[in-house]
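Spelled out, the chains give:
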Amino acid sequence: MGREHRLLVLLVCLVLGGALTAAVLGASEGKGPHEAMPGAASGAPAPGAGSGAPAPGDFVDIRDVPPTREQASRPGPDASTGSFTVDCGRNEEGHYNQDNLVISPGLRHGAHHTHAYVGNRSTDAFSTDESLAAAPTTCRGGDRSTYYWPVLRRPDLPATRPYEKAAGHGNTGRILTPVDVRLTFHGNPAGQVVPMPRFLRAFTGDAVAFTARGDEGVKARWGCVGLPDRSTTRYPRCPVGDRLTRTLVFPSCWNGLDTAGPERTHLLFPAANGVCPQNTFAVPELRITLAYDAPPADAPIALDSFPEQRHSPKTDHAMFVNVMTDDRMTRLVTCVNTGRHC
C-alpha cells in the first residue's frame with residue numbers, strides 16, 4: 001500500500017510540474033507593448049512580430065505630430081555658441097559589419113544587427129587605438145574618428161548584396177543609403193567646452209528600449225525635412241518628395257578621467273540648460289543627422305535591431321570614437337568657443 005501511495009504522489013507531482021512549466025513558458029513569450037495593441041487577439045502575435053517589419057503602431061503621419069514647442073535655453077554670458085561640421089561622406093565605400101567596438105570590443109558579430117560606418121575605414125570589433133590612428137578615413141581634413149549606427153531597411157525589397165544578408169536574426173531586406181549624413185559638433189549654452197580626449201568612446205540611444213521599463217534612454221528623434229518643427233520617436237510618414245530624418249545627440253559631459261567604461265558613466269548628458277553634472281566637464285556635443293528619400297506611404301521600413309527589440313524605432317542608437325589629432329580637436333574647440341561656424 002505504501003508503494004502505491006508513493007507512485008500516486010509521484011504521478012501528481014509530474015502532472016503539476018508539467019502544467020507549471022507550460023504556464024511559465026507561455027507567460028515568458030512575446031513580452032512587450034506590441035503584444036497589447038488594440039484589436040490584437042488574445043494570445044496571438046502582434047502585427048509585425050517575428051517578421052522583418054515593425055508593428056503598425058510604430059508608424060505615424062508626421063502631419064499628425066504636434067509642432068515642438070520646446071524653447072531652447074538662453075545662452076549664458078560664457079556660452080560656446082559655435083559649431084564645427086565634419087564631412088565624412090555617406091558610406092559610399094560600403095563599410096558595414098555586425099560588430100560594436102564601443103559596446104562589445106573583441107566580440108565578432110556582437111551586435112546581432114548591421115552597422116553602417118563613416119570616417120575610419122578599418123573599424124571592427126578588434127580595432128585598437130593604434131590601428132584606428134593608422135587607418136585611412138573617409139573624412140575630409142584627415143579626421144580618423146569612427147561614426148556608426150544601425151542600418152535602416154526596406155523589408156519588402158530583396159536583399160541582393162552580401163552585407164545585406166549578413167546580419168540574420170530577422171534583420172532582412174534592402175539597406176537604405178542616406179542621401180545626406182551630417183556630423184556636427186556644438187558648444188554648450190552654459191559655458192565654454194574643453195577638448196575631448198583622443199580615443200574617447202561615446203554612445204547615445206538605447207538599443208534595448210523596446211523591452212526597457214521606460215523611455216529614459218531613448219535619444220533618437222525622427223522627422224521629415226519639410227516639417228523641421230516636428231519630431232517623434234516613431235517612424236514618420238513623410239509627404240511625397242520629402243526626406244525622412246534620424247537625429248541622434250550624444251552626451252557631452254566628461255568625467256575628466258576615462259575614455260571608456262563598462263557602465264558608460266564617463267560621459268553623461270547635461271541638464272536642459274546645459275549645466276553638466278557635478279565633477280564633469282562640458283565637451284563638444286556631437287549630433288548625427290541622417291536623411292533618406294522618403295519611401296512610399298504604404299512601404300514598410302525597419303531599423304536593424306536585436307531580435308527581441310522587433311525593429312522598434314525607439315531602439316535607434318549611434319556610436320563614436322574620437323580619433324582626431326590634438327591639433328584638430330583644438331581647432332574644433334576654438335571654433336565653438338568663439339561662436340563661429342566652421
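Model, not experiment: these values are computed from the prediction. (Residues numbered from 1 in each chain as written. Predicted model: local features only at pLDDT ≥ 70, side-chain atom pairs only at ≥ 80, totals over all residues. Heavy atoms only, no water.)

Participant: What is the right way to look at the overall build of the chain in this model?
Facilitator: Looking only at helices and strands, the chain has three helices and 18 strands in total. In the chain, the proportion of contacts linking residues at least 24 apart, taken out of those at least 6 apart, comes to 73%. Approximately 17,100 Å² of the chain is accessible, and the part contributed by carbon and sulfur atoms is 55%. (Helix = DSSP H or I, 4+ residues; strand = E, 2+ residues; numbered from the N terminus. Contact = heavy atoms within 4.5 Å. Areas by Shrake-Rupley, 256 points an atom, 1.4 Å probe, with all protein chains shown as cover.)

Participant: For this particular structure, what's the right way to read empty space enclosed by the protein?
Facilitator: Sizing a probe to match a water molecule and rolling it over the atoms shows the empty space that remains. In total, this model carries two cavities of 30 Å³ or more according to the counting rule given. Size it by volume and the largest cavity reaches roughly 70 Å³. When the residues that make up the lining of the largest cavity are grouped by side-chain class, the tally is nine nonpolar, two polar and one charged. If you add up the space inside the second largest cavity, you get close to 50 Å³. Among the residues forming the lining of the second largest cavity, the class breakdown is eight nonpolar, no polar and one charged. (1 Å grid on protein atoms, 1.4 Å probe; cavity = no way out; pocket = protein on both sides within 12 Å on 5 of 7 lines; lining within 4 Å. Points joined across faces, edges and corners; volume = space filled by probe spheres on them. Nonpolar A, V, L, I, M, F, W, Y, C, P; charged D, E, K, R; others polar.)

Participant: Looking at this model, I keep getting lost on the nonpolar core. Mind explaining?
Facilitator: Buried together is how nonpolar side chains tend to be arranged in soluble globular proteins. Judged by nonpolar contacts, the single largest core of 52 residues is most densely connected at Val86, Tyr147, Trp149, Leu152, Phe185 and Ile288. Considering each element in turn, this core owes the most residues, five residues, to helix H3 (residues 326–337). Residues contacting valine 86, with those up to four places away along its chain left out, are Cys139, Asp143, Tyr147, Leu183, Phe185 and Met324. In this structure, Leu101, Leu132, Phe203 and Val321 belong to the second largest nonpolar core, which totals ten residues. (Core = buried A, V, L, I, M, F, W, Y, C linked by side-chain atoms within 4.5 Å. Buried < 20%, exposed > 50% of the residue type's maximum accessible area, 1.4 Å probe, protein only.)

Participant: Looking at this structure, I do not really get the confidence of the model for the chain. What am I missing?
Facilitator: Detailed reading of predicted coordinates is not advised where the pLDDT is low. In this model, the chain carries an average pLDDT of 87, and 83% of its residues clear a pLDDT of 70 or more. Every residue in residues 1–50 is under pLDDT 50, and counting partners more than four places away or in other chains gives 27 contacts. (pLDDT = per-residue confidence, 0-100.)

Participant: Is there a simple way to explain the packing of aromatic side chains in this structure?
Facilitator: Given two aromatic rings, one states the distance between the centres and the angle between the planes to describe the pair. Evaluation of the coordinates by the stated rule reveals seven aromatic pairs. Taking the centre distance of 6.4 Å and the plane angle of 75° together, the rings of phenylalanine 250 and phenylalanine 320 count as edge-to-face. Here the residue phenylalanine 250 occupies a position in the loop between strand S12 (243–249) and strand S13 (253–254), and phenylalanine 320 occupies one in strand S18 (residues 317–321), the gap between them amounting to 70 residues. Three or more aromatic residues link up through ring pairs in this structure, and these residues are Tyr147, Phe185, Phe250 and Phe320. Just above the ring of phenylalanine 269 sits the side chain of lysine 219; from NZ or CZ to the centre is 4.3 Å. In this structure, arginine 264 is placed above the aromatic ring of phenylalanine 203, and the distance from its NZ or CZ to the ring centre is 4.5 Å. (Phe/Tyr/Trp six-rings, centres within 6.5 Å; stacked < 30°, edge-to-face > 60°. Lys NZ or Arg CZ within 6 Å of the ring centre and 35° of its normal.)

Participant: Explain the pairing of S12 to me, please; I cannot follow it from the model alone.
Facilitator: Consecutive side chains of a regular strand alternate in pointing toward one face of the sheet and then the other. Relative to S12, strand S10 (residues 221–224) runs antiparallel, the two sharing four bridges. What sits directly across from glycine 223, in S12, is threonine 245. Bridging between S12 and strand S16 (residues 285–293) involves seven bridges; their strand directions are antiparallel. Note on S16: the bridge partner recorded for valine 249 is arginine 287. (Pairing = 2+ DSSP bridges.)

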